[in-house]
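# Report on the structure
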Amino acid sequence: GLIEPEQVGGVSIRFPPDGNNGSSLNVFIEIRQRRAATFVIFRVEKDDKSQFAIDNRSGVDVEAWQVKPNKESLSTLYKIAAGSRLPFSWDRPMHDRQVELKVAGARDSVQVKMDQFGEHTLPGGLHAEVFADGSTRALRIRDKTKTPSNATGTTSRSGADGDEEARYSLQIKMAGLGVSVIDAKMDEVMYVGILNVDMSYRMTRSDYETEFKIGGVQVDNQTDKGPEIVLGVEKKDGEATSEEGPPPVALHLSTVKSRIYKDMAYFKYFAFQLRELNLDLEETFIMRLLDAAQNVVDSSTITVPEEKQEDLRTSGYTRLRFLRKEAMLGEKMYFELFQLHPIQVNLSFFGTGAILDRASTEGGGLSYNPMFAAMKALGVVITNIDRAPICLNALMLERPFASQSDLVSSIRKHYRSQLVQQLYKLVGSFEFLGNPVGLVSNLGTGMKDFFYEPAQGIMKSPHEFAKGMHKGSMSLFSNSTYGVFNAASKITGSMSKSLVQLSCDSDYVKKRADAQSQRLKTGTKLSSDNTLSEFSDGFMGIFAKPMAGAREAGASGFFSGLGKGLLGAVVKPTAGLMDLASKATEVASKSAKGSQVAKRLRPPRVSLGDGILRQFDARSAHGCDSMRRLREGSWKDNRYIGFCVLDGSEAVLVTDKHVCVHCFNDHQVVWQVPIGKVGAVKVDNKQVIIESSEKPVKQDNTAVEASPMVCADGRYAEYLADVIRRGVSLATAEGLRRAAGTRSGEYML
C-alpha cells in the first residue's frame, strides 16, 4: 500500500506471502524527522506491540478485512477463531481505516471504524467495542450477555455522559499578573502583563473539565528607545463593551478529559484559541533584551554540552545510531476532537542600525568608511517591516490516536509549513515598498464593506439598507484613504532614514533617533520648526564640522570635517523635507481611519544607577516618566525630587530645575517656574500656593498666572508643600556645591 513520508508517526502494513509456501509479514513503518532529513524505518511488527488488533472473545469464528475502496480491489481476509487474538495490518493505510466484520453463519457484514472509539452491535447477538489496549487500538468482540472487563479500564458509558453534576469544582480568578525583566545594571528592560486570569476545574462522574482564560496580554518596552508596546492584542472596531456583554478573551484553552479510560488519556474535546496580536520589535530593544539574557547565562552555573553535528555525507550513515532504537511508545492520547484555531500576528520591525554600530565599535571605526555607511543605510531601510499579517491556519484533527511526541511533531510540522507559506507577506510589507500587502488589504476591506453592508441591510428593511450604505461608503473611504496615505508615508519615511545614515554624522543620527523616539512616546507631531532646524544644522555644519575636525586631527581632520559638512548641507535639509512629507501623510492616514494609542500597563521602574534593585513605587515611577516626557524630553536629564497628583486631571512635578503643573494624560504644561525662583510656599486648606520672583509660563512659553494647586485633602496639601520646600532647599544646596566645585550625590524623595 501507499504511505505518506511527510506524515510523522508510524503505520502497520501487511506484505503478502512470497509464493504459495510463504507466509505474510506485518511490518511497522516508522517515519522520523531529524533536522532537515526524513527517515523511513522498516521493522518487523511484534504481536504484543501491534498498532491494531482484533480480540475475539465470543464463542463463534469471525472474518475481518479492510473495507474495499471499490469492487475491483482486493483485501486480505483475516480469520479470527473463537477465543483468539490476532494483530491486524492494513492493505491500504492511506485509505479509510474501516474493518468489515462477518460473523460465521450470518448473512450480512458490519463495518467498524477503527479510528473511532465506541460500541457496535453485530449479527448473532454479538457485541463489538473499539478501545485502547495500552498502545494498541483493539477491536474486542464478545457475547452480548457478557459484561466488559474492568481490567482495561473500559466500561459502558451509558448513563455516565448524562450526569453533569459536578462532584468537585475549583475556580481561580486574578486581576492580573506582572513579570519585570531587569538587566545587570538593575534597569528595567521589559514588563510582561497578563490581565484577567480565569481558571476553572470541574470533576463530574464521567469527565474532568478544565478551562483557562486570559483577558489580555501585553508586553511593554520599558527602555527609552523604540515603541512602548512590544506585544499587544489587536482591538477591532465594534467590539462588545461591558454593557453589551463580556469582551472577547485574548487566550482560551478548554479541555474535557474522560475519567472512564484508565490506561490512556482520552479527551472528548481539546480547543485552543488566541486573539489577533500585534508584535512590534525594534533593533535596539532586541539587543538590550539579548544582553540581559546573556548576563543570566553568564552568571548561571549550568553547562550545556555542545551537540556534535552529524554530516550524513561524510559519516556514511554509520553514526546514526538513533535509527536502531525503537521509538518510546509512551502513553497514548486519544482526542474525539482536537482543534487549534487560526492565529494571526501583525509583525512590525524597526531597524536602527544598532547591530552594525556595535560591529563598527568592535571592529575599529568602520563607521567612518563610506561603504560601511552605505551598507548601514541600505540595511536600515530594507529591514523595516510594517504590520506584516502572519496568518496561521487552523489545525483540526478528528479522533487522532498517537503518543505525545507524535502529536507534537504533527503540530510543529503544520505551523512550520504555514510559516513558510507566509514569507511572501514579509517581503510585501517592507516599508521602502510602501507596504503593498497592507495597501491591498485595506482596499479589499473597503470594497467588501461597500457591497456587503448594504446587502445585509436590504434583507431587513429600507432603513437598515440606508444605514448599510452609509457604513459601507465610510469604510471604503476610510480604508482607501488610510491605505494610500500610509503607503506614501512609509516610502518617504524610508527615504529619509536612508539619507540620515548617509550623512556620516553620528551625533546627528543619534539626535534624530532620540527626537523620533520621544515623538513616538509623547505623541507630538513633527512641525515646520523641525524642518527649519534641519536646514540650519545642515548649513552650519559647513563651518562647524571642519573646525571640530581640525581640533581633533589637525589638517586631515579639517578636510574630513569639510567633506562631512558639505555632505550634511545636502542630506540634512533633504531628510527634513522627507520627514515633513512622511509625517503629513501619516497624520492624514491616521485621521482617515482613526487609531487609539496604546499605553504601558505601568511606567518603568525607577533606577538611580547605583546597582541597587528597589521595590516598585508608583509615585516615583509616574514622576520620572513625566519628567522624560515633558517638553519633548528636554527635562529627562533633570534630577527627580517629587511628584503629586492633584484633585482632577493634573499633577505636580518637582525637579532640581523646575516646579511644573501639567496634565496627567497628555503631559502638556499648565504652568512652570524655575525652582530657584520659588519663594514662599503657603497652604490654605486643600490648596498650595507658591510665590515666585519670575512669571510662570505654559506650554507655548507665554506668561500665565500660577493657579493654586488643589489637593485631595489638607494632609496631602501639607505633603506637597513640604516636597516643594525640600526641593528648593536641595536645589539651593546643589547650586552652592557647584559654585564650590564639590561633587554632589544623587537624591530622590
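The structure contained in this document is the topic of the report that follows. (Residues numbered from 1 in each chain as written. Predicted model: local features only at pLDDT ≥ 70, side-chain atom pairs only at ≥ 80, totals over all residues. Heavy atoms only, no water.)

### Describing the side chain of R259
Tracing the backbone shows R259 in the loop between β17 (251-258) and β18 (265-274). Although buried, R259 forms no salt bridge, and the nearest oppositely charged side chain, D207, lies 7.9 Å from it. For R259, the side chain forms a polar contact with the main-chain oxygen of T204, separated by 2.7 Å. Here R259 is in contact with R167, M203, T204, R205, S206, D207 and Y208, once residues within four sequence places are set aside. (Helix = DSSP H or I, 4+ residues; strand = E, 2+ residues; numbered from the N terminus. Buried < 20%, exposed > 50% of the residue type's maximum accessible area, 1.4 Å probe, protein only. Lys, Arg positive; Asp, Glu negative; His and termini not counted. Salt bridge = Lys/Arg side-chain N within 4 Å of Asp/Glu carboxyl O. Polar contact = N/O pair within 3.5 Å; in protein donor to acceptor, adjacent residues only side chain to side chain. Contact = heavy atoms within 4.5 Å.)

### Here's the deal with the sheet that holds strand β28 (residues 658-663)
The strands making up a sheet associate through hydrogen bonds between their backbones, and the pairing can be parallel or antiparallel. The sheet built from 4 strands is open, its strands ordered β26-β27-β28-β29 with antiparallel pairing. The strands lining the two open edges of the sheet, one partner per strand, are β26 (640-645) and β29 (669-674). Put simply, the sheet's adjacent strands are angled 10 degrees from each other on average, direction ignored. Two elements, strand β27 (residues 650-655) and β28, share 5 bridges in a ladder whose sense is antiparallel. Each bridged residue has a counterpart across the sheet, and for A651 the counterpart in β28 is H662. Sheet contacts for helix α11 (residues 618-629): β26, β27 and β28; angle to β26, the most-contacted strand, approximately 105 degrees. (Pairing = 2+ DSSP bridges. Axes fitted to C-alpha atoms, helices over the stretch in contact; angles between N-to-C directions.)

### Focus: α11
Taking 1.5 Å of rise per residue, 12 residues should cover 16 Å, and α11 covers 16 Å from first to last C-alpha, within 8% of that figure. Those residues of α11 that sit buried are S620, A621, G623, C624, D625, S626, M627 and R629. Where α11 terminates, the next one or two residues include R631, which has phi positive at roughly 55 degrees. (Expected span 1.5 Å × (residues − 1).)

### Comments concerning the pattern of salt bridges
Inspection of every chain in the model, using the stated rule, returns 16 salt bridges. Taking the shortest distance from any N to any O, the salt bridge between R629 and D625 comes out at 2.9 Å. Placement of both R629 and D625 in helix α11 is noted, with a separation of 4 residues, approximately one turn of the helix. A relative accessible area of 11% means that R629 is categorised as buried. Classification of D625 by relative accessible area gives buried; the value is 11%. Each of E228, R600, D625 and R629 takes part in salt bridges that share partners, so that together they form one network.

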